Amino acid sequence: MSAVSSAPFLHVEGASFVDASGEPVRLRGVCIGGWLNMENFITGYAANESLMREKVREVLGDEKYERFFERLLTAFFDDADAQFLGDNGFNVVRIPVNYHHLERDDAPFEIIEDGFRHLDRVIEQCAARGIYSVIDLHALPGSQNQHWHSDNPTHIASFWLHKHFQDRVVGIWEAIATRYKGNPWVAGYNLMNEPADPSRKVVGPFYERLFEAVRAIDPDHIVFNDGNTYSTEFDIFGEPWPNTVYTLHDYVSAGLGRGLDYPGFNMDGVWIDRDFARAKFLQRSEYARGSGTPIFVGEFAPIYTGDERIDAMRRDILRDQLELYREYDASWTTWMYKDLGRQGLVSVKPDTPYRRRFDDFVAKKVRLGVDQWGSTGEGVKEVTQPVQDLVAAEVPDFSPYPWGRFDWVRTLLLNITIAQPLADEYAELFRGLDDAELDALADSFSFENCAVRETLLDQLKEG
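Conventions used here
- Residues numbered from 1 in each chain as written.
- Predicted model: local features only at pLDDT ≥ 70, side-chain atom pairs only at ≥ 80, totals over all residues.
- Heavy atoms only, no water.
- Helix = DSSP H or I, 4+ residues; strand = E, 2+ residues; numbered from the N terminus.
- Rg over C-alpha atoms; globule rule 2.2 N^0.38 Å.
- Contact = heavy atoms within 4.5 Å.
- Areas by Shrake-Rupley, 256 points an atom, 1.4 Å probe, with all protein chains shown as cover.
- Disulfide = S-S within 2.5 Å.
- 1 Å grid on protein atoms, 1.4 Å probe; cavity = no way out; pocket = protein on both sides within 12 Å on 5 of 7 lines; lining within 4 Å.
- Points joined across faces, edges and corners; volume = space filled by probe spheres on them.
- Nonpolar A, V, L, I, M, F, W, Y, C, P; charged D, E, K, R; others polar.
- Phe/Tyr/Trp six-rings, centres within 6.5 Å; stacked < 30°, edge-to-face > 60°.
- Lys NZ or Arg CZ within 6 Å of the ring centre and 35° of its normal.
- Pairing = 2+ DSSP bridges.
- Axes fitted to C-alpha atoms, helices over the stretch in contact; angles between N-to-C directions.
- Parallel < 35°, antiparallel > 145°, perpendicular 65-115°, else oblique.
- Left-handed = near helix turned anticlockwise from the far one by under 90°.
- Core = buried A, V, L, I, M, F, W, Y, C linked by side-chain atoms within 4.5 Å.
- Buried < 20%, exposed > 50% of the residue type's maximum accessible area, 1.4 Å probe, protein only.

Draft legend 1. Local environment of the overall build of the protein chain. When you go through the protein chain residue by residue, the secondary structure sums to 16 helices and 18 strands. Whereas a compact globule of 463 residues would reach a radius of gyration of roughly 23 Å, the protein chain reaches 21 Å, a difference of no more than 12%. Taken along its principal axes, the extent of the C-alpha atoms in the protein chain is 60 × 50 × 45 Å. Pairs at least 24 residues apart make up 74% of the contacts formed inside the protein chain by residues separated by at least 6 positions. For the protein chain, the exposed surface amounts to about 17,700 Å²; the carbon and sulfur share of it is 52%.

The following block contains the structure:
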C-alpha cells in the first residue's frame with residue numbers, strides 16, 4: 001500500500017489522530033445527515049431521495065424545483081450552523097454526500113463540477129471555525145447497501161453486482177481527491193458509508209482498488225474505511241493500511257425503533273443494558289484496537305420519542321456510550337446534526353412554515369411506519385403481522401442478509417410498498433406555491449428557525 005507523505009495535514013500516528021503541529025487530536029463532532037444526502041425521516045418526505053425529487057420536480061417544474069432545493073441546501077447548513085458548532089467545541093463534521101450531486105446516471109463518468117459548490121462552501125465555513133470535515137460518500141451508484149439511506153428504491157444492493165457501478169465510484173473519488181488534495185481542513189475521505197456486500201467477497205478487493213486510486217492522486221489525507229454489514233464487520237481487512245482509519249458505527253438497539261426500557265428487553269426479546277452496549281462496542285472496535293489504529297465511531301446515538309420517561313433512558317444510553325468512548329480515547333461523530341425533531345442536535349421549530357405544512361403528513365408516516373428509522377416496523381399491525389406470520393410459518397429457515405426475516409418483510413411491505421406511493425402525496429403539498437412560499441419552506445431549516453436540544457448538547461460537550 002502507498003505510504004503516507006510528510007505534508008502538514010491531520011494524519012494517523014499509531015492509534016491517534018495528530019495535527020500539523022504534532023499534537024494528538026480527539027475528534028468530536030456531528031454528521032450533517034439529510035443535507036447533501038437527504039433522508040426521509042430527517043426532512044419529512046417518504047421513500048428514497050431520488051424518487052422524492054422526481055415527484056417534487058413534476059409538481060413544481062424545473063425552475064421552481066431548482067429554486068427550492070438550492071435554497072434548502074443553503075439554509076440547512078450555513079455560516080450560523082458552523083458558528084454554533086465551533087462555539088460549542090466541536091472540531092469535526094462528517095458530511096454525507098449522494099453521488100447524484102457529482103454524476104448523473106444518464107451521463108456516467110462525467111463529473112458535475114457545479115455539484116461541489118455546497119460542499120466547498122461548508123468545508124470553508126467550518127475551517128474558519130477550526131472544524132475539520134470528513135467527506136462521506138453515503139449513496140453510491142447502484143446502492144452499496146439494502147436501505148433507503150443509500151438512495152436505494154429496492155432492497156437489493158446492486159452496486160456489488162455490476163462492475164459499471166464500481167468503475168463510476170472510482171471516477172467519483174478521483175474527482176473528489178483531485179479537488180481537495182491540498183486542503184488541510186479536509187480531515188479525510190470516508191470511501192463508502194455502511195457497505196453491505198452479501199457475498200463478503202467483493203467489498204475487500206474493491207476497497208483496495210479504491211484506496212490505491214485515491215492514493216495515486218492524494219497521498220496526504222486520511223482514508224476512512226467503514227466495515228462491511230453497515231460498518232460492524234471488519235474481517236474483510238488484513239494488515240492496516242497507512243494513514244487509514246477503520247470506522248465503526250455503534251448504535252445500541254435499545255435506543256432505536258424497537259427499543260423499550262433501558263436496561264430491559266427490546267421488542268425482539270433481547271436484554272439490553274450497559275454491559276450489552278459495552279460488549280457490542282468492544283466487538284465492533286476489535287479490529288481498530290487490535291491493529292493499533294484510531295478508534296473512530298462514525299455514527300451512534302439514540303432516537304428520541306417525546307415521551308420524557310423513555311427519553312430519559314435514551315439519555316442514559318448516550319451517557320454510557322460517551323463514557324466508553326472517553327475510556328478508549330475514541331473519536332466520534334454523532335448521528336446527527338439537524339432534523340425535524342427525532343434525533344438531531346438542533347431541529348426545525350414547530351411554528352415554521354415547513355412544519356405547519358408537513359407535520360400532518362409526517363404524522364401519517366409515523367402511523368403507517370413507512371420511515372424505517374425510529375419505527376417499530378409494525379405500522380398497521382393488523383395488516384403487517386399476518387404477513388410476518390405467514391413468511392415465518394411457510395419459510396421458517398428464511399434469514400436473509402443483512403438483518404433477517406423481520407427486517408426483510410418490513411422493508412418491502414412498509415418502507416417500499418407503502419412509502420413509495422406516499423412520495424406523490426408529499427410532492428402534492430408543494431402544488432400551487434409561489435416563490436415566496438417556497439423560500440419560506442426552505443428557510444424553515446435555517447439555524448435561526450431551529451431549536452437546540454439542550455440536554456443532548458450538554459451531553460455531547462461533556463463527551
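Draft legend 2. The state of the cysteines, seen in detail. Summed over all chains, the structure comprises 0 disulfides. Cys31 carries a free sulfur, and the closest cysteine sulfur to it, the one in Cys126, is 13 Å from it.

Draft legend 3. Just empty space enclosed by the protein, in detail. Within this structure, the stated rule accounts for 2 cavities of 30 Å³ or more. Its volume calculated, the largest cavity comes out at about 130 Å³. Every residue lining the largest cavity is counted, 16 residues in all, and those nearest its centre are His147, Trp148, Asn152, Asn415 and Ile416. In terms of residue count, the dominant contributor to the lining of the largest cavity is helix H14 (residues 404–428) (4 residues). Considered class by class, the residues forming the lining of the largest cavity number 5 nonpolar, 10 polar and 1 charged. In this structure, the second largest cavity encloses a volume near 40 Å³. As for the second largest cavity, its lining consists of Met38, Thr43, Tyr45, Met52, Phe69, Leu72, Tyr354 and Tyr426. Among the residues making up the lining of the second largest cavity, the classes are represented as 7 nonpolar, 1 polar and no charged.

Draft legend 4. Structural context of the side chain of Glu378. By the secondary structure assignment, Glu378 is in the loop between helix H12 (353–368) and helix H13 (381–394). Beyond its immediate sequence surroundings of up to four residues, Glu378 is in contact with Arg258, Met267, Thr384 and Leu414.

Draft legend 5. Representation of the packing of aromatic side chains in the model. One pass over the full model with this rule turns up 40 aromatic pairs. Joined through ring pairs, the aromatic side chains of Tyr45, Tyr65, Phe68, Phe69, Phe76, Tyr354, Phe358, Phe361, Tyr426, Phe430 and Phe445 make up one cluster. In this structure, Arg258 packs its charged tip against the face of Phe406, placed 4.0 Å from the ring centre. Over the face of the ring belonging to Phe76 we find Lys338, whose NZ or CZ atom lies 5.4 Å from the ring centre.

Draft legend 6. Looking closely at the sheet that holds strand E1 (residues 11–13). An order of E1-E2-E3 is seen for the 3 strands of this open sheet, with the pairing classed as antiparallel. Here the strands that pair on one side only, and so sit at the sheet edges, are E1 and strand E3 (24–25). In terms of strand pairing, E1 meets strand E2 (residues 16–18) through 3 bridges, oriented antiparallel. Among the inter-strand pairings, Glu13 is bridged to a residue of E2, identified as Ser16.

Draft legend 7. Structural detail: the packing of H13 against H14. H14 packs onto H13 with a crossing angle of 135° between their chain directions and a minimal axis gap of 10 Å. Between H13 and H14, the crossing angle belongs to the class labelled oblique. With respect to the hand of their crossing, H13 and H14 are arranged in right-handed fashion. Between H13 and H14, the contacting residues are Thr384, Val387, Gln388, Val391 and Ala392 on the first element and Arg405, Phe406, Val409, Arg410, Leu413 and Leu414 on the second. Here the contact of H13 with H14 is built from residues that sort into 7 nonpolar, 2 polar and 2 charged.

Draft legend 8. Broad picture of the nonpolar core. Residues Leu85, Ile95, Ile135, Trp173, Tyr189, Leu345 and Phe430 are the most contacted members of the largest nonpolar core, which totals 117 residues. Looking at this core, the element that brings in the most residues is helix H6 (residues 163–180), giving 9 residues. Sequence-distant contacts of Leu345, that is, excluding residues within four places in its chain, are made with Val30, Phe84, Leu85, Phe90, Met336, Tyr337, Ala451, Val452, Arg453, Leu456, Leu457 and Leu460. Listed in part, the 13 residues of the second largest apolar core include Phe17, Leu27, Tyr132 and Val134.

Don't take any of this as a statement about function, it's just geometry.
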